[in-house]
Amino acid sequence: MSSWFEAVPAFALALLILALPGVAVLMALRIRGLMALFLAPAVSVSVLAVSAVVAPLIHLPWGIPVVLLGTAVATVAAWVARRLIPALNNILLIAGPRSRVGLGAALAGAGVSLAITTLLLLLVAPTPEQFTQGYDSVFHLNAVTHAVDTKNASSFAISSFILPTIKSSFYPGAWHGLVSLLILVSGISVPAATNLIWLAVAGLVWPLSAMFLTRTLFGPRPLLLISAGVLAAAFPAFPWLLLQYGSAYPNFLSNALVPVGIALVLLILRPSVHRGLEPAQALTLVALFLPGAITAQPNGVFSILLVLTPLLAYLIFSWLRTGYRRGHRHGWMRVALLLLVIAVAAAGLSVLPQIRSLFTYTSPAFLFFPLALLRNFTHAPAPIWFPALALTVLMLVGVRAGFRRPGLRWLPAALVLLAFTYPLTAGTNLPLANIVMAPWWDNPERIAALMPLLAVPLAALGLVQLVDFLSTKLRTRNLSPAVWRRKGKLSTAAGLAVVLAFSNPGLWQMQGQVGIMFEVPAEPNGLSQIDAQELALIHRLPNYTTTEDVIANNPYNGSALAMALADRHMLFPYSSQGDLSPDLYTLRFWLNRVGSDQEVCAAAKRQGVTFLLDFGTDYIPAFNDPRSLYPGITLAADSDAFTLVASEGHAKLYKLTTCAGVQL
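Residues numbered from 1 in each chain as written. Predicted model: local features only at pLDDT ≥ 70, side-chain atom pairs only at ≥ 80, totals over all residues. Heavy atoms only, no water.

Colleague: Before we move on, could you go through the pairing of strand β3 (residues 609–614) and cite the residues and values that matter?
Modeller: Of all six residues in β3, five are buried; the element is thus mostly enclosed. Pairing analysis gives three bridges linking strand β1 (residues 550–552) to β3, with the strands arranged parallel. Its bridge partner being in β3, Ile551 is matched across the sheet by Phe611. As defined by bridge partners, β3 adjoins strand β5 (residues 651–656) across four bridges and the pair is classed as antiparallel. (Buried < 20%, exposed > 50% of the residue type's maximum accessible area, 1.4 Å probe, protein only. Helix = DSSP H or I, 4+ residues; strand = E, 2+ residues; numbered from the N terminus. Pairing = 2+ DSSP bridges.)

Colleague: Before we move on, can you summarise the packing of helix α26 (residues 582–590) against helix α27 (residues 598–607) with the specific residues and values?
Modeller: Between two packed helices, both the angle of their axes relative to each other and the distance between the axes serve to describe the pair. The geometry of α26 relative to α27 is characterised by a closest axis approach of 9 Å and an angle of 120° between their N-to-C directions. It follows from the interaxial angle that α26 and α27 lie oblique. Relative to α27, the crossing made by α26 is left-handed. Here Asp583, Leu584, Thr586, Leu587 and Trp590 of α26 come into contact with α27, specifically with Glu599, Val600, Ala603, Ala604, Arg606 and Gln607. In terms of residue class, the contact of α26 with α27 is made up of six nonpolar, two polar and three charged. (Axes fitted to C-alpha atoms, helices over the stretch in contact; angles between N-to-C directions. Parallel < 35°, antiparallel > 145°, perpendicular 65-115°, else oblique. Left-handed = near helix turned anticlockwise from the far one by under 90°. Contact = heavy atoms within 4.5 Å. Nonpolar A, V, L, I, M, F, W, Y, C, P; charged D, E, K, R; others polar.)

Colleague: Hey, could you go over the side chain of Ser227 for me, with residue numbers and the actual values?
Modeller: Considering the arrangement of structural elements, one finds Ser227 in helix α9 (residues 222–231). The class of Ser227 is buried, set by a relative accessible area of 0%. Sequence-distant contacts of Ser227, defined by excluding residues within four places in its chain, comprise Ala460, Leu463, Val464 and Ala493.

Colleague: Before we move on, could you go through the packing of aromatic side chains and cite the residues and values that matter?
Modeller: This structure, assessed with the given rule, holds 18 aromatic pairs. The rings of Trp175, Trp198, Trp206, Phe238, Trp240, Tyr249 and Phe252 are connected pair by pair, giving a single aromatic cluster. The ring of Phe403 has Arg409 sitting right over it, with the charged end atom 5.0 Å from the ring centre. Over the ring of Tyr630 we find Arg588, and its NZ or CZ is 5.0 Å from the ring centre. (Phe/Tyr/Trp six-rings, centres within 6.5 Å; stacked < 30°, edge-to-face > 60°. Lys NZ or Arg CZ within 6 Å of the ring centre and 35° of its normal.)

Colleague: Explain a nonpolar patch on the surface to me, and be specific about the residues and the numbers.
Modeller: Residues Val50, Val54, Leu57, Ile58, Leu60, Leu69 and Val73 make up a contiguous nonpolar surface patch of about 580 Å² in total accessible area. Listing elements by their share of the nonpolar patch, those giving two or more residues are α2 (33–57) and α3 (64–84). Tallying contributions element by element places α2 first for the nonpolar patch, with three residues. Note on placement: Leu57 falls in helix α2. When its relative accessible area of 64% is taken as the criterion, Leu57 is described as exposed. (Patch = residues over 30% accessible without salt bridge, like charges linked within 9 Å, V, L, I, M, F, W, Y side chains within 5 Å. Areas by Shrake-Rupley, 256 points an atom, 1.4 Å probe, with all protein chains shown as cover. Salt bridge = Lys/Arg side-chain N within 4 Å of Asp/Glu carboxyl O.)

Colleague: A description of unusual backbone geometry should follow, citing residues and the corresponding values.
Modeller: In the segment running from Phe238 into Pro239, the intervening peptide bond is cis, with an omega of 10°. Turning to its location among the elements, Pro239 is positioned in the loop between α9 and α10 (240–245). The amide bond that connects Ala382 to the next residue, Pro383, takes the cis arrangement and shows omega of 15°. Structurally, Pro383 can be placed in the loop between α16 (369–377) and α17 (389–403). A positive phi angle is found at His59, which is not glycine, with a value near 60°.

Colleague: I'd like to hear about the sheet that holds strand β2 (residues 569–570), residue by residue, with values.
Modeller: Overall, mixed pairing links the five strands, which are arranged β2-β1-β3-β5-β4 in an open sheet. At either margin of the open sheet sits one strand with a lone partner, and together these are β2 and β4 (642–648). Strand direction decides the pairing type here: β4 and β5, joined by six bridges, are antiparallel. By the bridge assignment, Ala646 is partnered in β5 with Leu653.

Colleague: Go over the pattern of salt bridges, please, and point to the residues and values.
Modeller: Where side chains of opposite charge bring their charged atoms close, a pairing between them can arise. Per the stated rule, a full pass over the model turns up four salt bridges. The residue Arg221 makes a salt bridge to Asp468 at a minimum N-O spacing of 2.7 Å. One end of the pair, Arg221, is in the loop between α8 (190–218) and α9; the other, Asp468, is in helix α21 (residues 451–476), with 247 residues separating them in the sequence. What makes Arg221 partly exposed here is its relative accessible area of 28%. Exposure remark for Asp468: the relative accessible area of 17% places this residue in the buried category. Of the charged contacts in the structure, one is a salt bridge between Asp583 and Arg606, with a shortest N-O distance of 2.8 Å. Residue Asp583 is located in helix α26, and its partner Arg606 is located in helix α27; the two are separated by 23 residues in the primary sequence.

Colleague: An account of the packing of α8 against helix α11 (residues 249–269) is requested, with residue identities and associated values reported.
Modeller: Packing of α8 against α11 leaves a shortest axis separation of 9 Å and a crossing angle of 20°. Judged by the inter-axis angle, α8 sits roughly parallel to α11. As for how α8 packs across α11, the hand of that crossing is left-handed. For the contact of α8 with α11, a count of residues per class yields 21 nonpolar, four polar and no charged.

Colleague: Could you give an account of helix α1 (residues 8–28), naming the residues involved and the relevant values?
Modeller: Between the first and last C-alpha of α1 there are 30 Å, a value that for 21 residues agrees with the 30 Å anticipated at 1.5 Å per step. At Ala19, α1 shows its maximal bend, which comes to roughly 30°, and the proline Pro21 appears one to four places after that position. Taken together, the buried positions of α1 are Ala10, Phe11, Ala14, Ile17, Leu18, Pro21, Gly22, Val25, Leu26 and Ala28. One or two residues past the end of α1 sits Arg30, with phi positive at roughly 60°. (Expected span 1.5 Å × (residues − 1). Bend = angle between axes of the 7 residues up to and from the residue.)

Structure (structure tokens):
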């Protein structure tokens, strides 16, 4: 696939994958129009993720048939729930001209956001076949390849290609399920499918989620919707920072869905303030939302709780105060119940190894704490440095306007809380800060990506305030015709949002940084996974090897990417592979002795090793001395057991020709 134009049909398929399952379920719940547009992607992710988990349990391969089955089951279950639960069955459908205008505004906002995101992606990746050279890219690309090859995209199997001795381990696989399904349907490559799903989520799912939260917070005004949709593409911290950082695709998908979760919780907790769905509908949708949120990246649930912490704290305080007003006994009983719930939740989470492992990661501080706070608040996290002043001003205007609305006085506190998250990881090494930020691995990039979750709706409200102010001034001077008042505001808001996006220097700085991640250097540069010579040899691997061959490699020199880029079985498919079988340990340290050592030869035969891919000693920046981790692989090319069969500059492919003194 040499051009983005050729990718248009596959992109259309990606949109259908993200839309149709959710639309079917929402129609069964009688949720249509604007609400269905906002919610369909989140519900689709859940349906697809659950279908992927269930498929191997009922001995079905991952693909369209099992997705259709999962969609049918979810749709029937939703229809039955609506028929049996009075709170769902008695909801009236209301539609009118205003809802159609809102739908049009939402579609326009999402369309403009997609156009901006597409333009920037085309600038950093001239073809869909390009891939980012981030550290995490190797795992995610290879995990997708593994899902396609095994026809298994379950979150309990997606990481099994690097866990040879563990039968089942949970790893959030919703992202890999989406990408692998697109490959199975369209036949395109892993990098192309990855880029197209990224574009669909960044360009459409994210702005639709942001618009849903904006509508829930501030009402259904079309001007708000179109402003939020376009401004969703203006912030460099999300979605671009996670692509630049290391291609943290699961976290990226999770963040794109988080606004939906925040909005649904608000609709349940405060139905008198937030309208659009009935509490029963919102509660049902939470049940439909959570599987996708957890299998996208569980820290999305913590992100929802983080944004809503001030409101939840106020509601809990009010609940306790009401109990004490009824008597000290009632008050202490509520305190005891609250502590019990917290203890049970903490104990339940601590049992999960995935949760415990979060506390093993710490990021060293690299910014002065006040500077980190300022950069986060002005939407300029590292590696960019130019503050988004206009967006920050709009956000502050939105905070002021939102604070003056009934039931929204928690918003400034939530914004302050989000503002302090980045400096807690980038500006301090305090153990308490590491613990608080543990759900995001105390990782500055993942945490900086949280700020736009609330900044986009607030900036949209600020932009609406600005447009209303201009309209009032024009009307005062008799310069505002009726037509402009009715229709001109939408186009004015959209135009201003586009100008704000393209005039944000930080967004262009981020575009340059992301472009670096997509580059394939001509020679090793110590930063990229692979260079042009290595990529050329990877593309030639099908000329010398088959899908049955196992290719020995040192994953720290980028050779593991051959799994995704050439669909070849790599002995070590990922650098941070902590689980190794006895055979893999033997080959890791002693493969260079395979020509003379019986034990090493036996291990190579059991693992099916037939080739060696040698990319030299230019290692990715992961550990101080990765060479010592795979000495047998590093020295194997110099042994008499391997014969050179192909090369591209310093990159070489060898065939195993001698095993324990026997010619093969």
